[in-house]
Structure formats: structure tokens, C-alpha cells
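# Residue-level structure breakdown
This is what each chain is made of:
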Amino acid sequence: MPDALNLRRWDVICRVVDHYGDAGVCLRLARQLAARHGCTVRLLADRPEVVLDLIQPRPDSDTSHGWRDRSGVLIVGWDAPPQQADVVLETFSGDLPPAILDDMRGAVARGRLVPVWLDLEYLSAEPWVESCHGLPSPQPGGLTRWFAFPGFTARTAGLPGPQMPLTKLPPALADVLAGTGLDGPGLDDSGSAGRDVNDTPKRPLTASVFCYRDSPLPALLDAMQSGARDVRLLVPGGMPGGLGGRSLGPQTGDTWRGGRLTLVRMPFVDQDAYDAILAACDLNLVRGEDSFVRAQWAARPLLWAAYRQPDDAHLDKVDAWLARSAMPQAWADLNRWFNGAIPGPGTEGHAVALWRAAIDGIDTAREEATRWRRALLELPRLDDVLVDLALQHASRLQ
Ligand code: TRH
């Protein structure tokens, strides 16, 4: 682990573009910098309430005009006065708060020590990431910003590491599942996703879903409903209840049943507890960036809704990830379809066939997901790489 002792004070800058991922990535990283490197971290967010949504119980506001997270990280607003930071970590090229930037420019002008300016970019498995990771970007006012690109190879900034040990499953959720009336072992961590020795009735599969409104979820739910295996699908608070004509209530524990499918409303939980839910499910439908990474640490088959980009650029990301991951063909096909790569009027028929093939191969997919997790553990950890990068560029200023 790199030594962060000389670079203790970090400002992590979070501009919330939409949804939860910008806040989610920043919070996770800020906590890891504090916990694993002993850094004193402020998280400056233009919408602190989105960061606070991910923390339960919600921290009280602090005398320092912010909110003190349980990790020690101080969450403050965009207009927080500059501190003498050693490192300023911009995220996703979302710009710096004007006061922070002015302070850095002033430090250059006065010949004072200037914080190292890093910019954490989006995660991608595409090959170009390796050549961009670590590059400088000269900025007006004599400043330089250094890019960090997370990725799936040793020559990138790697991934935010797994939570070890996992937080316990929230009791509220265990209660919800106990009340669904579905039998079978359900949430467990026992290896096989359900084929028992005599091939007698398989237990229901438990899945979680957190995808986008424009994902073809309704067609997938139709396929699950008429499929060969019972599925209970955990739908978090905040996801709309009108799921392709199925109306699921907003209260935790609300249930909808049809055919082989049961929808269960779960609460929107604390970020760490969400990791535990992913690990407890048989399969997970995730999205964006942070839940996508967490689902891989959970070592379960997953369906990833990539964040849609103009000109279908997100499909390149999906294909690049599939090319690296050890996902069996049926699951790769399902992932491509879920991201719009298999178009056309036959969408519904496609979903049925793809779902059937994926479920037939779920035990193999689970084994592969476990192998993939082991491979990911060999990658650099994002927080280590950022500390390293900062140390490397800080030394030039001494
Ligand atoms: O919410 P996302 O779609 O986020 C994004 C952002 O929108 C961003 O603009 C975009 O750049 C990026 O994706 C690619 O999905 P993501 O990244 O998975 O973030 C969701 C966060 O919400 C993650 O940190 C996990 C957290 N979460 C909880 O804490 N509790 C919950 O119950 C659930 C369902 C999620």
C-alpha cells in the first residue's frame, strides 16, 4: 500500500450529474482513502443530499458546516472554503468549485505549495484506457491535472476494492423476504444456485434489480413470468412501480405476483448494505458504474445496464467488458440484448429465449463469476493507485 503520510488532506470533488453513481463512487473512494490510508478527507458535493441518501443512519450536521460520515469523511457543500489540501481529486471532469480553483491558482502565483490535482475518469474495459491513464492535462494558471482511468487491467487505475467483511444483511430486508411466502432457502451463500441432487423442484431464484427506465425490463419480466423457474425480484425504493403493467406498491414489503415471478419492494438501503444484498442474491441486475462493480465483487451472474451514451457508445463499453469477463455465452447474449445490441420487433421472443438459456446455465455462470472475482482481486486498487499518483506528482513540487 503506498504511503500517504505526506499527503494527508484530500478534497474529493463530486458534481452530481444524475442518479446516484457520481455520489456513490465519490463516497466509496473517500471512505477508502480515510480507512486504508489514514487520510483526512472532505467530500465537496454540489448536491450533498444525494451523498447523504446513501448513508443510513443519516449523519447529523457537524459544527464545521458539513456532515461527518461514520468513516470520518466530512461531507460539505460546493461553496465550502478552501482548506490547505494536499490533493484535490476532481471526478468525471466535473470541474472544481471556483473557490478551490482560485486558491490553487493563487498558490501558483505566490510560489506556495500547490495541491496535486487529479481527475478520476469513468470506468471502462476498453483498451484505450491504458494509454490515457496517468496522462497530464496542462491547465490555465500554471496548473496540471493528472488523469486516472479505472479499468480491468494492471496498467489502469484498477477498481475500488471489495468490502471485507461484508456488512450484515439489513434486518428490514430479511423481514421482507420472510414475509413473501415463498419457500426455499432463498438468500444464502451456499454455492449452487438451486439444482438439487435429484433434480427435484428447484428453489426460487432471488434477484435484485436496479436498472434504468429505458432498459427493456418489462420484456425481461414477461420472460421471467412465463419462465421455467420461480424468481423473486427485489425492487428498491425509488424504482418506479409500473413495471410493464405490473403495479408494485412503494412500501417496503409490497408484493406483486404473476406466473413464476414475484416482485418484492425492498427499501433503498445504505451503500454498504447494498453490497450485502448483491452477495445474498442469485443474480443481480445493476447499472451505471458503482453497482456494476459491486455486483462483480458479489460473484454472482449479473445483467449490466450500462449508462446510455449518444451513438450507442455504451455498447462498446459492454462489449469490451464482456470480452474480458469470463461470462458464459448465454449471459453475454442476455447482457448485449439488455443494452439494446440485439434490436428489432422480436424483442419479446428474444427475451424468452435468452432468459431460458441464461437460467439453464446459471450454475456455470455462478462458477465463472467466482473465478472472475478472483481475477479482479489481482488488479490494482483504485485508492492505492490514486495515492501513488499523488505521491509521484507531489514529489516534483518539493
Ligand atoms: O445511479 P447510477 O445510474 O449512477 C451513474 C450516474 O448517474 C452517473 O451520472 C453516471 O456517470 C454513472 O452512473 C455511470 O448507478 P451506479 O453507478 O450503480 O450508482 C448507484 C449507487 O447507489 C451505488 O453507489 C449503489 C447505491 N445504492 C445504495 O446505496 N442503496 C441501494 O439500495 C441501491 C439500489 C443503490
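Whatever comes next refers back to the structure up there.
The structure presented is a predicted model; accordingly, all values stated were derived computationally and were not measured. (Residues numbered from 1 in each chain as written. Predicted model: local features only at pLDDT ≥ 70, side-chain atom pairs only at ≥ 80, totals over all residues. Heavy atoms only, no water.)

### Focus: the overall build of the protein chain
When helices and strands are tallied, the protein chain shows 13 helices and 16 strands. Computed over C-alpha atoms, the radius of gyration of the protein chain comes to 22 Å, within 12% of the 21 Å expected from 2.2 N^0.38 for 398 residues, which places it in the range of a compact globule. Seen through its principal axes, the protein chain has C-alpha atoms that stretch 75 × 45 × 40 Å. The buried share of the protein chain, reckoned over its 398 residues, is 56%. Contacts spanning at least 24 positions in sequence make up 71% of the contacts within the protein chain whose residues lie at least 6 apart. Roughly 16800 Å² of accessible area belongs to the protein chain as shown, and the carbon and sulfur atoms make up 53% of that amount. On the protein chain, the mean spot of the 41 positive side-chain charges and the mean spot of the 50 negative ones are 2 Å from each other. (Helix = DSSP H or I, 4+ residues; strand = E, 2+ residues; numbered from the N terminus. Rg over C-alpha atoms; globule rule 2.2 N^0.38 Å. Buried < 20%, exposed > 50% of the residue type's maximum accessible area, 1.4 Å probe, protein only. Contact = heavy atoms within 4.5 Å. Areas by Shrake-Rupley, 256 points an atom, 1.4 Å probe, with all protein chains shown as cover. Lys, Arg positive; Asp, Glu negative; His and termini not counted. Charge placed at Lys NZ, Arg CZ, Asp CG, Glu CD.)

### Structural notes on helix α3 (residues 98–109)
The terminal C-alpha atoms of α3 lie 16 Å apart, and with twelve residues this matches the ideal 16 Å at 1.5 Å per residue to within 8%. What α3 keeps buried is the set Ile 100, Leu 101, Met 104, Gly 106 and Ala 107. Contacts made by the buried residues of α3 are with β1 (9–14), β2 (40–45), β5 (87–91), β6 (116–120) and β8 (143–148). Following α3 by one or two positions, Gly 111 adopts a phi angle in the positive range, close to 70 degrees. (Expected span 1.5 Å × (residues − 1).)

### Observations regarding the pattern of salt bridges
Under the definition given, this model contains 23 salt bridges. Salt-bridge contacts for Arg 381 lead to Asp 383; the nearest nitrogen and oxygen are separated by 3.4 Å. Judged by relative accessible area, Asp 383 falls into the buried class, the value being 0%. Beyond isolated ion pairs, a larger network of salt bridges with shared partners links Arg 31, Asp 69, Arg 70, Asp 270 and Asp 272. (Salt bridge = Lys/Arg side-chain N within 4 Å of Asp/Glu carboxyl O.)

### Here's the deal with the state of the cysteines
Summed over the entire model, instances satisfying the criterion amount to zero disulfides. As a non-bridged cysteine, Cys 211 has Cys 281 as the owner of its nearest cysteine sulfur, 14 Å distant. Relative accessible area serves as the criterion here: at 4%, Cys 211 is assigned to the buried category. (Disulfide = S-S within 2.5 Å.)

### So, the packing of helix α7 (residues 271–280) against helix α8 (residues 290–297)
Contact geometry for α7 and α8: axes closest at 9 Å, N-to-C directions at 45 degrees. When the axis of α7 is compared with that of α8, the two are oblique. You can see that α7 and α8 cross each other, and the crossing is right-handed. Facing α7, whose interface residues are Gln 271, Tyr 274, Asp 275 and Leu 278, α8 presents Asp 290, Ser 291, Arg 294 and Ala 295. Grouping the amino acids of the contact of α7 with α8 by side-chain chemistry returns three nonpolar, two polar and three charged. (Axes fitted to C-alpha atoms, helices over the stretch in contact; angles between N-to-C directions. Parallel < 35°, antiparallel > 145°, perpendicular 65-115°, else oblique. Left-handed = near helix turned anticlockwise from the far one by under 90°. Nonpolar A, V, L, I, M, F, W, Y, C, P; charged D, E, K, R; others polar.)

### What about the nonpolar core?
Core analysis: the biggest nonpolar cluster contains 70 residues, and Phe 152, Leu 217, Leu 220, Leu 263, Trp 321, Leu 334 and Trp 355 have the highest contact counts within it. Broken down by element, the residue count for this core peaks at six residues, all from helix α6 (residues 217–225). For this core, the two domains that each supply at least three residues are domain 1 (4–160 + 380–394) and domain 2 (171–376). In this view, Leu 217 contacts Val 209, Cys 211, Met 239, Leu 243, Leu 285 and Phe 338; residues no more than four positions away in its chain are not counted. (Core = buried A, V, L, I, M, F, W, Y, C linked by side-chain atoms within 4.5 Å. Domains from an automatic or database assignment.)

### Comments concerning the packing of aromatic side chains
One pass over the structure, following the stated rule, counts twelve aromatic pairs. Taken together, a centroid distance of 5.0 Å and an interplanar angle of 80 degrees make the contact between Phe 292 and Trp 321 edge-to-face. Note that Phe 292 is positioned in helix α8 and Trp 321 in helix α9 (residues 313–324), a separation of 29 residues in sequence. Accessibility expressed as a relative area gives 2% for Phe 292, which makes it buried. (Phe/Tyr/Trp six-rings, centres within 6.5 Å; stacked < 30°, edge-to-face > 60°.)

### Here we look at the side chain of Asp 119
Considering the arrangement of structural elements, one finds Asp 119 in strand β6. At 3.1 Å, the side chain of Asp 119 and the side chain of Ser 93 are in polar contact. Once residues within four sequence positions are removed from consideration, Asp 119 is found in contact with Glu 90, Thr 91, Phe 92, Ser 93, Arg 145, Trp 146, Phe 147 and Ala 148. (Polar contact = N/O pair within 3.5 Å; in protein donor to acceptor, adjacent residues only side chain to side chain.)

### Examining unusual backbone geometry
For the bond running from Gln 56 to Pro 57, omega is -5 degrees, close enough to zero to count as cis. A cis geometry characterises the amide bond from Met 164 onward to Pro 165, with omega recorded as -5 degrees. A positive phi angle is found at Phe 92, which is not glycine, with a value near 55 degrees. Locating Phe 92 in the fold gives a position in the loop between β5 and α3. Its identity is not glycine, yet Asp 312 carries a phi of approximately 55 degrees, on the positive side.

Structural measurements only, silent on function.
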